[in-house]
Amino acid sequence: GEQVEQLPSILRVQERSSASINCTYENSASNYFPWYKQEPGENPKLIIDIRSNMERKQIQGLIVLLDKKAKRFSLHITDTQPADSAMYFCAATNTGYQNFYFGKGTSLTVIP
Amino acid sequence: EAGVTQSPRYAVLQEGQAVSFWCDPISGHDTLYWYQQPRDQGPQLLVYFRDEAVIDNSQLPSDRFSAVRPKGTNSTLKIQSAKQGDTATYLCASSLLGGKDTQYFGPGTRLLVL
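Read on for a plain summary of the structure. (Residues numbered from 1 in each chain as written. Chains lettered and ligands numbered in written order. Predicted model: local features only at pLDDT ≥ 70, side-chain atom pairs only at ≥ 80, totals over all residues. Heavy atoms only, no water.)

## Let's talk about the pattern of salt bridges
Opposite charge on two side chains allows them to pair when their charged atoms are near.
All names here are of chain A.
Now for step 1: For the structure shown, the criterion picks out five salt bridges over all chains.
Now for step 2: The shortest N-O distance in the salt bridge between aspartate 49 and lysine 57 comes to 2.9 Å.
Now for step 3: The class of aspartate 49 is buried, set by a relative accessible area of 12%.
Now for step 4: Here aspartate 67 makes a salt bridge to arginine 72, at a shortest N to O gap of 3.6 Å. (Salt bridge = Lys/Arg side-chain N within 4 Å of Asp/Glu carboxyl O. Buried < 20%, exposed > 50% of the residue type's maximum accessible area, 1.4 Å probe, protein only.)

Rendered as structure tokens:
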């Protein structure tokens, strides 16, 4: 099975609404969960991350939630703008072993 | 601070040809990763190094792919006999602290195998 499952694969939202992406992971030893944004032709860029000693983290309009019991974490983009349109990838890793697994990505389109 | 650099940015090959990709990580980063990212998919780890040592190459197709990082700085990923299924972007990333810190990605090399 997939080490990290990411849903939805495609997401279209109206400008100024919220967008949510959900990921689940298999390895209960995972302790670091970054989110990357990748624009066409560009490399993935880290936008926010959360470690297993936290349940919630917010950087401006980005919120990450972590539920370790359910092995689930999610990214919420509030007040979306067209510039938020991109591919988003979640990842999970155990920083002791560094087996870094990415989800398959979510293509987000923010409609003006 | 300079980011991760990779070359070439693009490569087009016929099946059976060989190709090498080069990566220069962020200065001081001890951990270096190579990923394969097929179109419209997430990056998939091929191999990673801590300094010059290979830590995990279990996802590297060993019969045709090889990777080295002889001085613990730059790294080369080589495909000996490319197949159409190797068409993808090859991303290099680096991090500090033996991998306990954030990974930073290079711009990638887009490979097309005809």
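Okay, back to it.
## What about the packing of aromatic side chains?
In this description, an aromatic ring pair is defined by two values, namely the gap between the centres and the angle between the planes.
Residue and element names in this part refer to chain A.
Now for step 1: What the rule picks out here adds up to 13 aromatic pairs over all chains.
Now for step 2: When the centroid spacing of 6.0 Å and the interplanar angle of 55° are considered together, the rings of tyrosine 25 and phenylalanine 73 count as tilted. Within this pair, whereas tyrosine 25 is found in strand β3 (residues 19–25), its partner phenylalanine 73 is found in strand β8 (residues 72–77), the two being separated by 48 residues in sequence. Phenylalanine 73 carries the same exposure label as tyrosine 25, and that label is buried.
Now for step 3: Judged by centre distance (4.9 Å) and plane angle (50°), the ring pair of phenylalanine 33 and phenylalanine 73 falls under tilted. Here phenylalanine 33, found in strand β4 (residues 32–38), pairs with phenylalanine 73, found in strand β8; they are 40 residues apart in sequence, far enough to count as distant. (Phe/Tyr/Trp six-rings, centres within 6.5 Å; stacked < 30°, edge-to-face > 60°. Helix = DSSP H or I, 4+ residues; strand = E, 2+ residues; numbered from the N terminus.)

Interpretation note: all reported values are geometric properties and have no functional meaning in isolation.
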